[in-house]
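Analysis of the macromolecular model
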Amino acid sequence: MAGRAPIPARNSALIAMIADEDTIVGFLMAGVGNVDIRRKTNYLIVDSKTTVRQIEDAFKEFSARDDIAIILLSQYIANMIRFLVDSYNKPVPAILEIPSKDHPYDPAHDSVLSRVKYLFSAESVSQR
């Protein structure tokens, strides 16, 4: 498939998270957390004091790191930085929106789902 960027192969990669405290703690208890030698973590806990700028900076940092394969975003937080999420177009790290305890999942706002629907609708039109 010409024109597609190759997906780098690694022995291991991290999952980064930008979510509320309960969601982050659940994933940390499952062993997803990481702190490197520079004391950088692979997560951002978003609370009422977290600014949109901090969320944007964390998203940009996580999406630029080559040791991260997946970024998990609580959907209500993804809505705060929707312009960044929707404009992100690289295969790795993959961006996945997840529900949180206080904010249910809304498929109408999921960028991955909307891209898949678009691809299938464009594919079905081209096959006619």
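Anything mentioned here points back to the structure above.
Only a predicted model underlies this, so the values are computations on that prediction, with no experimental measurement involved.

With that settled, the discussion passes to the packing of aromatic side chains. How two aromatic rings sit relative to each other is set out by the distance from centre to centre and by the angle between their planes. Scanning all chains against the criterion turns up one aromatic pair. For the pair Phe-59 and Tyr-88, a centre-to-centre distance of 6.0 Å together with 80 degrees between the ring planes defines the contact as edge-to-face. In this pair, Phe-59 is assigned in helix α2 (residues 52-64) and Tyr-88 in the loop between α4 (82-87) and β4 (94-98), connecting sequence segments 29 residues apart. Comparing Phe-59 with Tyr-88, the two get one shared label, buried.

Right, let's get into the side chain of Ser-100. Mapped onto the elements of the fold, Ser-100 is located in the loop between β4 and α5 (111-126). Given the relative accessible area of 11%, Ser-100 is considered buried. Those residues within four positions of Ser-100 in sequence are excluded, and the remaining contacts are Asp-20, Thr-23, Ser-74 and Tyr-76.

Reading the values: rules and limits
Residues numbered from 1 in each chain as written. Predicted model: local features only at pLDDT ≥ 70, side-chain atom pairs only at ≥ 80, totals over all residues. Heavy atoms only, no water. Phe/Tyr/Trp six-rings, centres within 6.5 Å; stacked < 30°, edge-to-face > 60°. Helix = DSSP H or I, 4+ residues; strand = E, 2+ residues; numbered from the N terminus. Buried < 20%, exposed > 50% of the residue type's maximum accessible area, 1.4 Å probe, protein only. Contact = heavy atoms within 4.5 Å.

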